[in-house]
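Working through the structure, step by step
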Amino acid sequence: MRNVLQIHFLNIAMAASAIALVIALIAQYGYELEPCELCSFQRISYGAVILFGGCAAIIGGWNKSDLSYLFCIIFLYGAVLGFYHTGVEQHWWQAATSCGGQQLMPSTLAELKLGLSKTLPKACDEIDWTLFGLSMSVYNTGVSLMLSILGFLSARINQSGVR
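What you are looking at is a predicted structure, and each value in this text was computed from that prediction instead of being measured.

Describing the overall build of the chain
- Across its full length, the chain carries five helices and two strands.
- Helices and strands in the chain line up, N terminus first, as α-α-α-α-β-β-α.
- The buried share among the 163 residues of the chain stands at 34%.
- Contacts spanning at least 24 positions in sequence make up 78% of the contacts within the chain whose residues lie at least 6 apart.
- In the structure as shown, the chain presents an accessible area of about 10,100 Å², 68% of it carried by carbon and sulfur atoms.

Written out as structure tokens, the structure is:
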């Protein structure tokens, strides 16, 4: 396990990120599950890992420990955002974003007509799909947390110079 993390964590993180994004895009476009605002934000961490990992792979000569710490922080952000989204879905707290909610009252007839023709964004507390009673935000939290821990372990292994 040490050698795998020491040598291949960049590939593991990028592959896991690509798989997560592909699954999200298949759910969105293949099964027409509209993502809410928080769902879209949760994709940012995976895109960032692919971007930074791709740059590191192209440039070469990168510090594996520093890159693993960066990925650890990015995935931890994803886990926190996933947990926050789970809390919104379960009504533990209100979303700080609009998430399909509050719209301003129109002051003119033209604003009312314009507002009626717009499609409201999906509410963040609506769960469209579950597997074993858990929503995609719960799975995202678990995967992001696991990848964050693996990133931390990889950084520590590379920092200690264990070969």
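What to know about the environment of Phe75
- Counting through the fold element by element, Phe75 comes out in helix α3 (residues 64–89).
- Residues Phe75 and Ser148, 73 residues apart in the sequence, show an inter-C-alpha distance of 4.9 Å.
- In contact with Phe75, not counting residues within four places along its chain, are Ala13, Ser17, Tyr46, Val49, Ser144, Leu147 and Ser148.

Topic: α3
- The end-to-end C-alpha distance of α3 is 37 Å, a good match for the 38 Å that 26 residues give at a rise of 1.5 Å each.
- Backbone geometry just after α3 places His91 at a positive phi near 65 degrees.

A closer look at helix α5 (residues 136–160)
- Under the 1.5 Å per step criterion, the end-to-end length of α5 is 36 Å for 25 residues, consistent within 8% with the ideal 36 Å.
- Those residues of α5 lying buried are Ser137, Asn140, Thr141, Ser144, Leu147, Ser148, Leu150, Gly151, Ser154, Ala155, Ile157 and Asn158.

A look at the packing of aromatic side chains
- Evaluated as defined, the whole model comprises seven aromatic pairs.
- Connected via pairs of aromatic rings, a cluster forms that spans Phe83, Tyr84, Trp92 and Trp93.

Describing the environment of Ile127
- Looking at the secondary structure, you find Ile127 in the loop between α4 (109–117) and β1 (130–131).
- Distance from Ile127 to Glu89, taken between C-alpha atoms, is 6.8 Å for residues 38 residues apart in sequence.
- Apart from the residues lying within four places of it in its own chain, the contact partners of Ile127 are Glu89, Gln90 and Ser135.

What counts as what
- Residues numbered from 1 in each chain as written.
- Predicted model: local features only at pLDDT ≥ 70, side-chain atom pairs only at ≥ 80, totals over all residues.
- Heavy atoms only, no water.
- Helix = DSSP H or I, 4+ residues; strand = E, 2+ residues; numbered from the N terminus.
- Buried < 20%, exposed > 50% of the residue type's maximum accessible area, 1.4 Å probe, protein only.
- Contact = heavy atoms within 4.5 Å.
- Areas by Shrake-Rupley, 256 points an atom, 1.4 Å probe, with all protein chains shown as cover.
- Expected span 1.5 Å × (residues − 1).
- Phe/Tyr/Trp six-rings, centres within 6.5 Å; stacked < 30°, edge-to-face > 60°.

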